[in-house]
Each structure stands twice: as C-alpha cells, then as structure tokens.
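# Observations on the model geometry
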Amino acid sequence: MLDSKKAPLQGVSITIKGTTRGTTTDADGHFVLPNVPDKGTLVVSSTGFTAQEIGVGSRTTFNVTLAEAVNALNDVVVIGYGTRQRRDVTGAVSQVKATQLENENPQSVQDLLRGNVPGLSVTSSPNAKGGGNLLVRGRSSINAGTSPLIVLDGVIYPGDLSDINPNDIATVDVLKDASSAAVYGAKAASGVILVTTKKGSGAKPTITFNSNTGLATLAMNEPLYDGPGFVKWRTDVLKSTNISNAKPFQFDDPRNLPSNITVDQWKAYDNSLGDAVDIWLTRLKLLPVERENYKIGKTTNWYDMMFQTGVRNDHTVSISGKKEDVSYYMSANYTRNEGYIVGDKFTTFRTRINLEAKAAKFMTVGMNLQYADRDESQVPVTWQQMVNASPYGEVYKADGVTLRDSPNDDIGNNTNPFLDNVYTNRLRKYNTLFGSIYAKGNLPWGFSYQSNFTPNFEFYRNFNGTSAKDFRVSVRKGVASRQNRTTFNWQMDNLLMWNKAFGEHKIDATFLVNAEKYQQWDETMNNEGFDPNDNLSYNNIAAGIKPTISSNDQRSTGDALMARINYSFKDKYLLTTSVRRDGYSAFGLQNPRATFPSIALGWVFSKEKFSNISWLNYGKLRASWGINGNRDIGRYDALSNLTTGKYQFITPSGQIILVSQLYVNRLQNPGLKWERTESYNLGLDYSILKDRISGSIDVYRKSTKDLLINRALPDVTGFANVLDNLGEVQNRGIELGISTLNIKSPSFSWRSNVNFTLNRNKIVHLYGPTPDYDASGKVIGQSEKDDVANRWFIGHDIDEIWDLKVLGVWQQDEAAAAAKYGVKPGDFKVEDVNGDSKYSDADRQFVGYRNPRYMWTFRNDFTYKNFDFSFMMYSSWGQKEEFNQAKNNGGFIDRQNSYQVPYWTPENPINDYARLFSSNGSAGFNVYRQTSFIRLSTIALGYTVSPRFLTRAKIQALKVYMNVNNAAVYQPEWTFWDAEYRVNPPSDRTVVPPPRYYTLGVNLTL
C-alpha cells in the first residue's frame, strides 16, 4: 500500500467484503491475508484516503496506491462513548486530523484547533507555554465557566491541555450541537472536544523521531521614546499640563530661546538660580539621576532589555506496533521553550503508553496512560514597567551590581523591571498521572461491553521566596511560602452496547452507568522575618518569625445514567436519540439531579431516486434538538460557609487578648440547580463534482436558562449576594465549512479549506419582573429591569459595549463649547445625548461589540513531487476594544516615559488622539477602536526524501520541515501592539506584545 508519493502506508485496513475478516498493513505497507476466495472483494480503507474495492480473481499479490480524499465522509469520527462514519452522523461534528498539520508542528491542542473548526474560537497565548482559551458557539453563561468539556481517548479528562503531547494525537473531534454532546449531559453545555491519541498498528515495530528547534521573537514593535525624543515629549507634556498658565518658552531648552527672551528672564519665571540646563530639566520634573545622565549623554534602552530571541526545543520519540493479539504505542517528549520576554520559559517532560491485548475470546484489556512533569517556575521581567522607566534612569546602584529600586528614584511611579526576575526564587511544578484501564469484548446476540476505570493524580508544588534584598519586603526580612496540593479523582464508566442489523434496518444502542469522585488536599505555609538571613528562603521556612498555616480540602461526587439509540433504514434515514440523568454534589439539596434528553434526524437525500444528479455525489440533511447542562461552579457554592479567624481585642486595662471568631460568609441556596442549554440545529452535508468539493452548513439556536448568577441582596440580610438560577442567554448563528480539490495530477495537487462562523448573542431575561412605580411611589405595573451596574441589558449581547460616545477632539475654535463641559481644546469631545451639558447614564449608548461579528479561515495545501507547502489565514471582524492610550493621560505622564503615540497640539490638530495630559472633564468614558484583523497564521514547507535514498540505511521515511507561526497581521484601525493577543480574555483583556515563532524540524521513521 502506497500513497501518491509512493511512500508505504502503515495501518491501512484490508477486509474481505461481507465478512469481518481482515488485517492491516505493517510499517513497510505490506499485508498478508490468507484464504481469500477467488470471487472475493478486498475493501481497502484508511483515514484521509479514498476507499477502494478490488476484485481478487486469481491474483495473489497486489500493489495499491491510495488517493488522498478531499471529503471526509468515510472518516471515522468520535461521537462520545463510540465512533461512527461521518456519513452516518446526525449531529454537528467537526474533525481535525493531526497528520494534516505535521509541517506546522503544533505545540498544543489549541494550536491544532485554531482556525480549523467553524464555530470554535481559540484565543492566542503569548507566553512560552502557549495554549489559549476555547469557546464553542459563543458565550452561553454569565458567571459559570464556558470552557468545553475535554474527552481524551473516550474518557473525561480533567487535566491541563498542555500535558497532552500534540505528537501523540491522531484526531480531534468537536461536538457542537446538543444532540451530539448530550451523552455527556451536565458537562456539555459549552461543547465537547474529543482527543484521540495514536494506537499501535503494523506487524513490525515502527520507531519515529520528531525533533525540532526554533526561535521566539517579538512579532511587532511598539517603540518607546529614546533620550532626545523623551525630552521633547516631556516638554510637550508640561506645556499641555500647564496650558493655562505657562510662560513663553518656560519648558523649552534655554540654549534655544528666541532672541527676545534672555536666559535671565527665562530663569525669573520661577525665580530659579543656578545652571540653566539644570533648571530646565527640573522644570521637566527630571530627577537627579536623570539630569546627571542627560548631561553626560547616557541612556538606558529598557525596551531592548525586556525582550529577547528565545530558543525553543521540542523532541519526541515513539515506538508502535501490533503483533498477534497485542498492540502498543509508547512515546516520550521533552519540550523546553523560552519566550520572547526575558525570564519567560516553560519546560515539560511527557510520556504516554497505549497498550491493548486480547486476553480471551470474549475480552480485550488495555490501558492508556499519560504522565507529565510540567515546570512553570518562570519569573519574567515586569516588562510593563519599561514605559514608566526613564531612558535616563539606571538599572543598578552606584556599585554596578545591586539593582536600583526605581530606575529614576521615583518609587511612587515606577519600580525596576528586573526586581521580580532577580529577587524571586520560585519552584512551581505539576506532576500529573492520568490513565484509563479498560476491558471490553463481545457478547452473544450482538451485545458488547466496555468497562473503564479512570484515575487522575495531580501533585502541585508552588514554593515562592522574595528576597530581603527587594526593597518592597526588606523591612519584613524576606517573605516565603510553600504550597502543596494533591488532587485525586476517579471515574468509572460501565457501557453495554447492542449492534444489530435486521435486513435494511440497523440499530446501535449504548447504555452507560457512571460514577465519579474528586478529592483535593491543599496546605500552604507562609513565613517572614528570616534570621539571620533569608538565603535559604522557602527551603528553611521555619527560620522566620511569623508563620501562618492554612488548608483548603475539597471533595465532590457525581453519577450518571445514559442511554442512546442510533437507528438507520437503508443507510438513508437516520435517527439518534439519547437521554442522560446526572447527579452532582455541588448543587442544592432540592436539585441534586437533572435529566438531559436529545433527538436528531438525518436524511441522505442523495440516495433517493429523484436525486440522480450527475454532479451530486452525496447529500444529507440533519436536524437536532437537545438539552445540555453546565455544572462549572464551586463545589460548595450552594452551601453556607462558616469562616474562622482571630483578631486582637484590647481590654479597658490595655491588655491584648487574641479572640477567636466564627461567622457565616456565604448564604446557602438549597434550590440551586444546573444551567440548562436547549439547542436546535439544522445542517447540510454535501459532496459534489466527483467529490472535488465537499462541506457542511449548520444553522443553530441555543438558549441557556437558569443561569448561575450571583444575585445581589439587600444589606439588611448581612450578605452581598447569593448564587441563584436566573435569566436566559441566547446564541444563534451559522457555520460554513468547504473543502475543495482544486488541482490533482500525478506530481501536483492543490487543496483548499474555507471556514466561516457568525454568532449572535443576546440576554433574553435577567432577574424577572419587578414592580414599576410612578412619581408618587404608587405601583403601576411590572417589568423586567436591566442590570446597569454590570452592563447587562435585556435584548443585547453579554459583551455589547455601553458607554459614552466619543465624537472626536475639541478644536481651538470650539473652546467656548468645550468649557461648558469643563474641558479644553485637545480633550475628547463626548456626545451629550440629552443636551443638558452634563454627563450621566442617560447619555450612554451602545457603541459596539467586544466579540467578533464574524470569523473566517482560509487554508491552502500544495504538493509538488516530494515538496508540500501550506499556509493558513484567519480573521475576526467587527469587534472593538478599549483604546485609552488615545487619551494620553494614563498614569503619571509627567513622571514617566511613553509609547510613541500621536497627540494633539495646536500645531497638529488631529481628531483621533487627545492632547497630552488631557482631561476627561465630568465624563467617565473609554475610547474604543475596531480590533478587526486578518492574520497570516502559519506558513509551512516540507520535503519528503525519496524512499530509494533511504532503503540502504533501513529508514522508512524522512521528512524535513520548516514553518513560521504568526507570520503577519493586517489590522486597519488598531495601532497598539496586536489586537488579538491579550492576557487572559475575557477576564483580563489587557493587550500584550505578540510573539512570532520560527521552527526547523525533522521527522524520521525507522
């Protein structure tokens, strides 16, 4: 078995049509299948290739070349507690094959998915660890979590995605609609992502090395002012700050005064005496160290000191095979990444063992085991401080060794960016062990069974020491902490399946009994005041004089029952129905359980007689309905909480007594229950023009009710809020996916993939109707109110922006009008909606959305002989973010440096940036800019060495590849760093510098 490049294919399935007899190819692409009748037909299939049927006749040997398939109708997709061919699926399911992205060398599960699945949003993380947040079909909750459920090799995975080695992954399937995800019930409201790792195949052991190294660099620059630019900028700052009372040329260099102003006159402005340059620099608020360095022309480039070219290494070795009744796959991976920010790094060692053996005719046993040792001890420089540090400041004190507390001795405004990096000693490590041990087999009358036991261990150590050399803790003589957390949780899945065909009727039924338990033991020790010194820090934490100890142990349990039936008639009419009953200890005593049903229909209309159309190869309509749940809350949020503590009480005699206290700090809610998401989905799967074009279209609407919201309470209750079920959020949208085979010839091929996603979100209900009153206080009716404090408005998007609208900048001929609002020319002009010359909520309006109005991806893959080349672009369009840099008034700008942001002056009367040290007047508002972008995400090139050069070295395959990640971006309106890269959206949307990665690697198979 060969591919189009004449390279051998391992793991190809060969079966005798109409029987269950078959085999798979070994590492050399060979197979042996005895006792095949002359009239038999061999069915040859492999994921990603077009299946073939070959008549046997009198032949005993076969040389078969498989063509890569542009459509995925024959692919096997994971649907939760089972698999099905895509052509038989009734729900909205998307699949990504890891082999298609080998040249791009994805570093995480998120990298595999980013831009490749319609309806799935994946944020980008700028740090050395990488990753990002996942969101399926929009935000459906206000307070509860919105991350999708992760399923690894058929069992629910509670760990970190970074513990999964991308090189071990075979496929990733995304369940998006309620019907496909409903088998996971109370965990599936935010979608389900199923990761399937590689398994052993082929009679001979196959050893694979995937090794690559690369560089991490800053993808774009956002320069600060250098020395001379800083002085000019600071001059303009002081002029703008003192716009009403500044004397002529008061803040200008006295060496460049006009002829009509003498230096003595200039000094007399504030009765200054002494050196004129010193006086000038003092007026600019430069401190002594800055003035001294200015005079000698010494500057510090803080920008260059914050960023570096980081080195990245990723190495994986694996061995796999299948012999007689045993199959195995084992791998080991070492990853060490440096980020583009000095001090940022990430290291992990990961291993995996997938083992399966036939123990008896009725039983196959196996295990999938994953271990990870993850080191996140990095303490990067505080790069955000570079904008506060003066270019005339210093890194070190006079001895040239000791860090200066503040670069320009202005502790109230800035601290040395290297303080944390140098004076913090940190050990933060995770050791995780996750596995599933299973037994499965066939029973009489079409029944089969599988039993899984899934233990998960996590050992977390977070040791942190801040040296007494850091001025911020020097009085405390050093600070240290030690946190140890052990987590153990297990799940048990018992499955009974029944698969039976009655003529043209097929039934596939699955029944599940599930139980789970979570336990956590967490202890933290803190100390300070180390004597005689804190050199050992947390390694000798008992040496401090102020120890504190705390613990946080947690436990939860859950269980579930599930039944699903798949029915098909003539492989043309499809039905899937399921129901799941869940229980979870975190909810109120009145609602410990909930039921989640679903139903889906499919119609393969291309098999009907009336659809005998030459250009139509396949067509299927899908419709589904279902309810999923969300239980992503704290384990004890439904219960009241007793808090203990101590405080000092001073008696009338002056004696200090330590008093214990006990109080309730959380109100219980025995009626708390799951969020419930009801979803409708209509879909079309198609393949046309001899399978050269295929794809899917889905439209959906999902409504989440009983939202888990912290409901505000009157102060008289003694509590600020209580977690309750209130309100409703709705998402609706459309998803398109198109795959095309544009050109196909023996030596050249070109394939394209296009994805399009549009999602609209709105709040339908919040807290229910409340009384309306007239001016006299009489009740005149009821209505449902908006939550103005949280910016939640009924009928609007959760993330819709409600703020004052900026119209531009007040210009000099508008000084009188600006004065009515307490501002001056150069300040932002804000719309006064009701014309009362003051600003209030009555003037606020909806000015845009934080979420994209639509997203698209365009991917192209080319092959020419032994070369393959690909690139991917993706875009998010129509969203806005805060851009208060345009105000030019953040922080203490008369005491710091600045990014080179434009600013208004009388000589430069621009309309989109305010003057330096601008005033907001009486208005509290934000400036917003469109953050729409188009990104050239990846460019990858690979070369496969011809097998004829490898045979003598007994090398099966050799491939060299290179790629660039985050190659370029176009953002027409956003001008500050990169619009997409933020700290941790949506909770922290602070913009951060973007990385670019260059990688060179080799993939060797023996």
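Residues numbered from 1 in each chain as written. Predicted model: local features only at pLDDT ≥ 70, side-chain atom pairs only at ≥ 80, totals over all residues. Heavy atoms only, no water.

For the record, the criterion: UniProt positions are given in the numbering used here, feature names are shortened, and annotations may be inferred rather than shown by experiment.
Where an unreviewed UniProt entry is consulted, the protein chain appears under the name SusC/RagA family TonB-linked outer membrane protein, with the organism given as Segetibacter aerophilus. Looking at the protein chain in UniProt, the text filed under Subcellular location (unreviewed entry) is "Cell outer membrane". Its UniProt record gives the protein chain a comment under Sequence similarities (unreviewed entry), which states: "Belongs to the TonB-dependent receptor family."

### Describing the overall build of the protein chain
Stated precisely, the cut-off is as follows: Per the convention used, a helix needs a DSSP run of H or I reaching at least four residues, while a strand needs a run of E reaching at least two, with both numbered from the N terminus. For the radius of gyration, the atom set is restricted to C-alpha positions; the globular benchmark scales as 2.2 Å times the number of residues to the power 0.38. Exposure is judged per residue with a 1.4 Å probe applied to protein chains only, and the accessible area is read against the type maximum: over 50% gives exposed, under 20% gives buried, and values in between give partly exposed. Only heavy atoms enter the contact rule, under which two residues are in contact if any of them lie within 4.5 Å. All accessible-area figures derive from a Shrake-Rupley calculation using a 1.4 Å probe, and residue coverage is judged against the displayed protein chains alone. Neither His nor the chain ends is counted toward charge; the positive residues are Lys and Arg and the negative residues Asp and Glu. Where a charge sits is defined by one atom per residue type, namely NZ (Lys), CZ (Arg), CG (Asp) or CD (Glu).
When its secondary structure is counted, the protein chain shows nine helices and 48 strands. Taking 1006 residues into account, the globule formula puts the C-alpha radius of gyration at 30 Å, and the protein chain, at 33 Å, falls close to it. Principal-axis analysis of the C-alpha atoms places the extent of the protein chain at approximately 115 × 75 × 65 Å. Taken over 1006 residues, the protein chain has a buried fraction of 50%. Sequence separation of 24 or more characterises 67% of the internal contacts of the protein chain that already satisfy a separation of 6 or more. As presented, the protein chain carries roughly 45800 Å² of accessible surface, and 55% of it is formed by carbon and sulfur atoms. Looking at the protein chain, you have 111 positive and 100 negative side-chain charges, and the mean spots of the two groups are 7 Å apart.

### Here's the deal with the pairing of strand β40 (residues 854-864)
In plain terms, the rule: At least two DSSP bridges between two strands are needed for those strands to be called paired.
For strand β33 (residues 748-765) and β40, the ladder comprises ten bridges, and the chain directions are antiparallel. Bridge assignment links Ser-749 to a residue of β40, and that residue is Thr-863. Where β40 lies against strand β41 (residues 867-877), eleven bridges are found, and the strand directions are antiparallel. Across the sheet, Trp-856 pairs through a bridge with Ser-875, a residue of β41. The loop that links β40 with its antiparallel partner β41 comprises two residues; one of these, Lys-865, has a positive phi angle of about 55°.

### Some thoughts on unusual backbone geometry
For the peptide bond that leads from Asp-531 to Pro-532, omega is 5°, which places it in the cis range. Its location among the elements puts Pro-532 in the loop between β22 (505-528) and β23 (548-551). Unusually for a residue other than glycine, Arg-137 sits at a positive phi of about 55°. For Arg-137, the position within the fold is in the loop between β9 (134-136) and β10 (149-152).

### Structural notes on the nonpolar core
Nonpolar side chains tend toward joint burial in soluble globular proteins. Threshold: What is meant by a nonpolar core is a set of buried Ala, Val, Leu, Ile, Met, Phe, Trp, Tyr and Cys residues, joined one to another through side-chain atoms within 4.5 Å.
If you look at the biggest cluster of nonpolar residues, it comprises 47 residues, and the most contacted ones within it are Phe-307, Met-386, Tyr-899 and Trp-977. Elements with a contribution of two residues or more to this core: α7 (302-306), α8 (419-423) and β38 (828-830). The element best represented in this core is α7, accounting for three residues. Formed by 23 residues, the second largest nonpolar core is a distinct cluster that contains Val-109, Leu-113, Val-155 and Ile-169.

### A word on helix α3 (residues 227-241)
Our working rule: Helix span is expected to be 1.5 Å times the residue number reduced by one. Within 3.5 Å is the distance limit for a polar contact, defined as a pair of N or O atoms, with the added protein rule that one can donate a hydrogen and the other accept it, and that residues adjacent in sequence qualify only through two side-chain atoms.
For α3, spanning 15 residues, the distance from its first C-alpha to its last is 21 Å, which sits close to the expected 21 Å at 1.5 Å a residue. The buried fraction of α3 is high, at eleven of 15 residues. For α3, the complete set of buried residues consists of Gly-227, Gly-229, Phe-230, Val-231, Trp-233, Arg-234, Thr-235, Asp-236, Val-237, Leu-238 and Ser-240. Buried residues along α3 sit against α5 (276-283) and α6 (288-296). The opening residue of α3 is Asp-226, an N-cap whose side-chain oxygen sits 2.9 Å from the backbone nitrogen of Gly-229.

### Examining the sheet that holds strand β4 (residues 52-55)
In plain terms, the rule: Where helices are involved, their axes are fitted lines through C-alpha atoms of the stretch in contact, as for all axes, and angles between N-to-C directions lie from 0 to 180°.
The four strands are arranged β2-β1-β3-β4 in an open sheet whose pairing can be described as antiparallel. This sheet does not close on itself; its edge strands, each paired only once, are β2 (22-24) and β4. Averaged over all pairs of adjacent strands, the angle between strand axes in this sheet comes to 20°, irrespective of strand direction. Pairing geometry for strand β1 (residues 13-16) and β2, over three bridges, is antiparallel. Paired with Ser-13 across the two strands is Thr-24, which belongs to β2.

### Topic: the packing of α5 against α6
Helix packing geometry: the angle between the two helix axes and the distance between the axes. Defined as follows: Roughly parallel means an angle under 35 degrees; roughly antiparallel, over 145; roughly perpendicular, 65 to 115; everything else is oblique. Take the far helix as your reference; a near helix turned counterclockwise from it by less than a right angle gives a left-handed crossing, and one turned clockwise gives a right-handed crossing. For this scheme, ten residues count as nonpolar: Ala, Val, Leu, Ile, Met, Phe, Trp, Tyr, Cys and Pro. Four count as charged, namely Asp, Glu, Lys and Arg, and the remainder, Gly too, count as polar.
Taken N-terminus to C-terminus, the directions of α5 and α6 make an angle of 130°; their axes are 10 Å apart at the nearest point. Regarding the angle of α5 to α6, the classification is oblique. The interaxial crossing formed by α5 with α6 has right-handed handedness. Of the residues in α6, those touching α5 at Val-277, Asp-278, Trp-280, Leu-281 and Thr-282 are Arg-291, Tyr-294 and Lys-295. In terms of residue class, the contact of α5 with α6 is made up of four nonpolar, one polar and three charged.

### Side note on the side chain of Lys-429
Within the fold, Lys-429 resides in strand β19 (residues 424-442). In terms of polar contacts, Lys-429 uses its side chain to reach the side chain of Asp-373, at 3.3 Å. Among all residues touching Lys-429, those that are not within four sequence positions of it are Asp-373, Arg-374, Asp-375, Ser-377, Phe-459, Tyr-460 and Arg-461.

### Quick notes on the UniProt feature "domain: TonB-dependent receptor plug" (unreviewed entry) in the protein chain
The feature "domain: TonB-dependent receptor plug" (unreviewed entry), as given by UniProt, occupies residues 86-192 in the numbering adopted here. Within the segment residues 86-192, helix and strand shares are 8% and 23% respectively, and the terminal C-alpha atoms sit 17 Å apart.

### Focus: the packing of aromatic side chains
Just so we agree on the cut-off: In this scheme Phe, Tyr and Trp rings, the latter by its six-membered ring, pair at centre separations within 6.5 Å, and the angle between planes marks the pair as stacked below 30 degrees, edge-to-face above 60, and tilted otherwise.
Enumeration according to the criterion identifies 41 aromatic pairs in this entry. Between Phe-463 and Tyr-538, the aromatic rings sit 5.4 Å apart at their centres with planes inclined by 55°, giving tilted as the arrangement. Placement of the pair is Phe-463 in strand β20 (residues 447-466) and Tyr-538 in the loop between β22 and β23, with a sequence separation of 75 residues. Taking the centre distance of 6.2 Å and the plane angle of 85° together, the rings of Tyr-899 and Trp-977 count as edge-to-face. Residue Tyr-899 is found in the loop between β42 (880-882) and β43 (928-930), and its partner Trp-977 is found in the loop between β45 (957-970) and β46 (982-984); the two are separated by 78 residues along the sequence.

### Some details on the sheet that holds strand β12 (residues 169-175)
Judged by pairing direction, the sheet is mixed, and its five strands sit side by side in the order β7-β12-β13-β10-β11 without closing on themselves. Here the strands that pair on one side only, and so sit at the sheet edges, are β7 (93-97) and β11 (155-156). In terms of strand pairing, β7 meets β12 through five bridges, oriented antiparallel. Across the sheet, the residue bridging to Val-96 is Val-172, located in β12.

### Comments concerning the pairing of β1
Residues in a regular strand project their side chains so that they alternate between the two faces of the sheet. Burial along β1 is one-sided: the face carrying Ile-14 and Ile-16 is buried and the face carrying Ser-13 and Thr-15 is not. Where β1 meets strand β3 (residues 41-45), four bridges bridge the pair, whose relative direction is antiparallel. Counted as the bridge partner of Thr-15 is Val-43 from β3.

### Some points on the domain arrangement of the protein chain
The condition that has to hold: Source of the domain bounds: an automatic or database domain assignment. Accessible area, probed at 1.4 Å, shrinks when two parts are joined; the buried area is that loss added up over both. Take a side-chain nitrogen of Lys or Arg and a carboxyl oxygen of Asp or Glu: if they are within 4 Å of each other, that pair is a salt bridge.
According to the domain assignment, the protein chain consists of domain 1 (12-69), domain 2 (73-213), domain 3 (227-298) and domain 4 (811-1005). The distance between the C-alpha centroids of domain 3 and domain 4 comes to 36 Å. Counting residues at the interface gives 13 residues for domain 3, matched by eleven residues for domain 4. The largest share of the area that domain 3 buries against domain 4 comes from Trp-233, Ser-240 and Ile-243, three residues that together contribute 44% of it. There are one salt bridge connecting domain 3 and domain 4. Note that Asp-894 is salt-bridged to Lys-285, the shortest N-O span being 2.6 Å. In terms of residue class, the side of domain 3 that touches domain 4 is built from six nonpolar, three polar and four charged.

### Looking at the environment of Asn-539
Along the chain, Asn-539 turns up in the loop between β22 and β23. Setting aside its immediate chain neighbours within four residues, Asn-539 contacts Asn-425 and Arg-482.

### Thoughts on the pattern of salt bridges
A complete count under the given rule lists 50 salt bridges for this structure. The residue Asp-582 makes a salt bridge to Arg-580 at a minimum N-O spacing of 2.8 Å. Judged by its relative accessible area of 2%, Asp-582 falls in the buried class. Across the pair Asp-841 and Arg-844 runs a salt bridge, and its minimum N-O distance is 3.0 Å. Arg-844 sits in the buried class, given a relative accessible area of 18%. Each of Lys-129, Asp-160, Asp-163, Arg-374 and Glu-376 takes part in salt bridges that share partners, so that together they form one network.

### Quick notes on the environment of Ile-279
With respect to the helices and strands, the residue Ile-279 is situated in helix α5. The buried category is assigned to Ile-279, whose relative accessible area is 8%. Non-local contacts of Ile-279, meaning those with residues more than four positions away in its chain, are made with Trp-266, Lys-267, Ser-272, Leu-273 and Gly-274.

### Topic: α5
Burial of α5 is extensive: six of the eight residues sit out of reach of the surface. Every buried residue belonging to α5 is among Ala-276, Val-277, Ile-279, Trp-280, Leu-281 and Arg-283, and all of these are buried. Capping of α5 at its N-terminal end is provided by Asp-275; its side-chain oxygen lies 3.2 Å from the backbone amide nitrogen of Val-277. Positive backbone phi, approximately 65°, marks Lys-285, located one or two places after α5.

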